[in-house]
Amino acid sequence: MASPVAWASLGHGGWVPRTSMAFSVLVVLLLAVLYESIKVGKAKLLHQALMSLSIPTSQQLIEEMDQDSSGSDSPPVSKTRLRWFLCHFGQSLIHVVQVVIGYFIMLAVMSYNTWIFLGVVLGSAVGYYLAYPLFSMV
């Protein structure tokens, strides 16, 4: 008796069950949604970081330069610089995650499968549609 699972062609001589293809399209779609969400979230975090970190006034800069030029062996690190470093480090990690997900999506599209490609396009559109209103709420 034949198996109840229907089979679909990959296009390069390979055959996979249709459920596996549907699952693959769903995974790629969710990766594209995640990519767009990270992109919008990263922009939102940058905006919040720039608003929370005050720009030092010229008087603060002069005071910091005077402290640096004094004879102390280990000048104290300003809290603003430390916060900026931590914020930049966090954004760098988020950027690395976004690039890795982007390369996975690119590799999926390079399979030259129409359904995978449509999953990426639909996932990108859905991700942008869901994530962009969050950015405008800043």
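Only a predicted model underlies this, so the values are computations on that prediction, with no experimental measurement involved.

Looking at this structure, how should I read the UniProt feature "transmembrane region" (unreviewed entry) in the protein chain?
Mapped onto the present numbering, the UniProt feature "transmembrane region" (unreviewed entry) falls at residues 20–38, 84–109 and 115–135. Regarding residues 20–38, the helix share stands at 100% and the strand share at 0%, and the terminal C-alpha atoms are separated by 27 Å. Taken end to end, residues 84–109 comprises 100% helix and 0% strand; its first and last C-alpha atoms sit 37 Å apart.

Would you mind showing me how to read the packing of helix 1 (residues 18–52) against helix 3 (residues 79–109) here?
Relative placement of two packed helices is described by the angle separating their axes and the distance separating the axes. Close contact between helix 1 and helix 3 brings their axes to 10 Å; oriented N to C, the two are set at 160 degrees. Taken together, the axis directions place helix 1 and helix 3 in an arrangement best described as roughly antiparallel. In this structure, the crossing between helix 1 and helix 3 has a hand that is left-handed. When its residues are assigned to classes, the contact of helix 1 with helix 3 shows 17 nonpolar, five polar and three charged.

Looking at this structure, how should I read the confidence of the model for the protein chain?
Fine structural detail should not be taken from predicted coordinates in areas where pLDDT scores are low. Averaged over all residues, the pLDDT of the protein chain is 78; the fraction at 70 or higher stands at 69%. Taken together, the stretch residues 1–5 has pLDDT below 50 and engages in one contact with residues farther than four places along the chain or on a different chain.

Looking at this structure, I do not really get the side chain of Asn-113. What am I missing?
Tracing the backbone through its elements, the reader meets Asn-113 in the loop between helix 3 and helix 4 (114–136). Engagement of the side chain of Asn-113 in a polar contact is seen with the backbone nitrogen of Trp-115, the distance being 2.8 Å.

Hey, could you run me through the pattern of salt bridges in this one?
Working definition: two side chains of opposite charge can pair if their charged atoms are close together. Here the structure, examined in full by the defined rule, presents one salt bridge. A salt bridge links Lys-39 to Glu-36; the nearest nitrogen and oxygen atoms lie 3.2 Å apart. Linking Lys-39 with Glu-36, this pair stays in helix 1, spanning three residues, or about one helical turn. Residue classification places Lys-39 among the partly exposed positions, given a relative accessible area of 36%.

Just checking my understanding: could you explain a nonpolar patch on the surface for this structure?
On the surface, a cluster of nonpolar side chains totalling about 740 Å² of accessible area is made up of Val-96, Val-99, Val-100, Tyr-103, Phe-104, Met-106, Leu-107 and Met-110. Along the chain, Met-110 turns up in the loop between helix 3 and helix 4.

Cut-off values and rules
- Residues numbered from 1 in each chain as written.
- Predicted model: local features only at pLDDT ≥ 70, side-chain atom pairs only at ≥ 80, totals over all residues.
- Heavy atoms only, no water.
- UniProt positions renumbered as here; feature names shortened; annotations may be inferred.
- Helix = DSSP H or I, 4+ residues; strand = E, 2+ residues; numbered from the N terminus.
- Axes fitted to C-alpha atoms, helices over the stretch in contact; angles between N-to-C directions.
- Parallel < 35°, antiparallel > 145°, perpendicular 65-115°, else oblique.
- Left-handed = near helix turned anticlockwise from the far one by under 90°.
- Nonpolar A, V, L, I, M, F, W, Y, C, P; charged D, E, K, R; others polar.
- pLDDT = per-residue confidence, 0-100.
- Contact = heavy atoms within 4.5 Å.
- Polar contact = N/O pair within 3.5 Å; in protein donor to acceptor, adjacent residues only side chain to side chain.
- Salt bridge = Lys/Arg side-chain N within 4 Å of Asp/Glu carboxyl O.
- Buried < 20%, exposed > 50% of the residue type's maximum accessible area, 1.4 Å probe, protein only.
- Patch = residues over 30% accessible without salt bridge, like charges linked within 9 Å, V, L, I, M, F, W, Y side chains within 5 Å.
- Areas by Shrake-Rupley, 256 points an atom, 1.4 Å probe, with all protein chains shown as cover.

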